[in-house]
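# Observations on the model geometry
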Amino acid sequence: QVQVVESGGGLVQPGGSLRLSCAASGFTFSFYTMSWYRQASGKERELVASITSAGTSTNIADSVKGRFTISRDNTKNTVYLQMNSLKPEDTARYYCNAQHRLWPIDYNYWGQGTQVTVSS
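The structure reproduced in this document is the subject of the present report. Starting afresh in each chain, residues are numbered from 1 along the sequence in its written order. Local features are withheld for residues below a pLDDT of 70 in this predicted model, meaning they are given only at 70 or higher, and side-chain atom pairs are given and counted only at 80 or more; totals for whole chains, interfaces and linings count all residues. By convention in this description, side-chain values take in all heavy atoms of the structure and omit both hydrogens and water.

### A short note on the packing of aromatic side chains
Geometrically, a pair of aromatic rings is defined through the distance of the ring centres and the angle of the planes. To pair, rings of Phe, Tyr and Trp, with the six-membered ring standing in for Trp, must have centres within 6.5 Å; the planes then decide the type, stacked if under 30 degrees apart, edge-to-face if over 60, and tilted in the middle. Summed over the entire model, instances satisfying the criterion amount to four aromatic pairs. Relative to Tyr109, the ring of Phe27 lies with its centre 5.1 Å away and its plane at 40°, an arrangement referred to as tilted. On the criterion of sequence distance, the pair formed by Phe27 in the loop between β3 (18-25) and β4 (33-39) and Tyr109 in strand β10 (residues 105-110) is long-range, its members being 82 residues apart. The classification of residues rests on relative accessible area computed with a 1.4 Å probe and restricted to protein chains. Under 20% of the type maximum is buried, over 50% is exposed, and intermediate values are partly exposed. Using a relative accessible area of 13% as the deciding quantity, one classes Phe27 as buried. Here Tyr32 and Tyr109 contribute two aromatic rings whose centre-to-centre distance is 5.8 Å and whose plane-to-plane angle is 25°, an arrangement assigned as stacked. Note that Tyr32 is positioned in the loop between β3 and β4 and Tyr109 in strand β10, a separation of 77 residues in sequence. Strands are runs of DSSP state E lasting at least two residues, helices are runs of H or I lasting at least four, and both sets are numbered from the N terminus onward.

This is how it looks when you write it as structure tokens:
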């Protein structure tokens, strides 16, 4: 049974930090590109950061570049999102995504999300 479970969200003051974790099971984690998306109230879901299966390459959205870092530990089947210098506009529900293409099938798994609220 596939499970993707995010944790680490919460309420933080502007300028603060949080580290989100995403624990995966039920599939071969090391084959999958892992990503973090977020969706603010009334807005579309957007890609925040992604990391390749071996962790050798990352992609960070311009809106969070220099503040957020994505990493993974394939021995723990976990991906992380370190968020520093948080701003109120970072408030959103953050979702973890696992993606792997094994032609002709595109495997895509999502977690339920974890809420991040940045407010004083």
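### Considering the sheet that holds strand β8 (residues 78-83)
Sheet strands pair by backbone hydrogen bonding; their relative direction is either parallel or antiparallel. Across the sheet, which stays open at both edges, the four strands sit in the order β1-β3-β8-β7 with antiparallel pairing between neighbours. Each of the sheet's edge strands pairs with one partner strand only, and the pair in question is β1 (3-7) and β7 (68-73). Mean inter-strand twist for the sheet, computed between neighbouring axes without regard to direction, equals 15°. One bridge is not enough; two strands pair if DSSP finds at least two bridges between them. In terms of strand pairing, β1 meets β3 through five bridges, oriented antiparallel. In the strand pairing of β3, Glu6 is matched with Cys22. Here an angle of 0 to 180 degrees is reported between the N-to-C directions of two axes, which are lines fitted to C-alpha atoms, with helices fitted over the stretch in contact.

### Focus: the pattern of salt bridges
Criterion for a salt bridge: a side-chain nitrogen of Lys or Arg within 4 Å of a carboxyl oxygen of Asp or Glu. The tally for this structure, following the rule as stated, stands at five salt bridges. When the shortest N-O distance is used, the salt bridge between Glu46 and Arg38 registers 2.7 Å. A relative accessible area of 34% means that Glu46 is categorised as partly exposed. With relative accessibility at 6%, the residue Arg38 sits in the buried group. Taking the shortest distance from any N to any O, the salt bridge between Arg101 and Asp106 comes out at 4.0 Å. The class of Arg101 is exposed, set by a relative accessible area of 56%. Overall, the relative accessible area of 37% leaves Asp106 in the partly exposed class. Among the charged side chains, a network of salt bridges with common partners joins Arg38, Glu46, Arg67 and Asp90.

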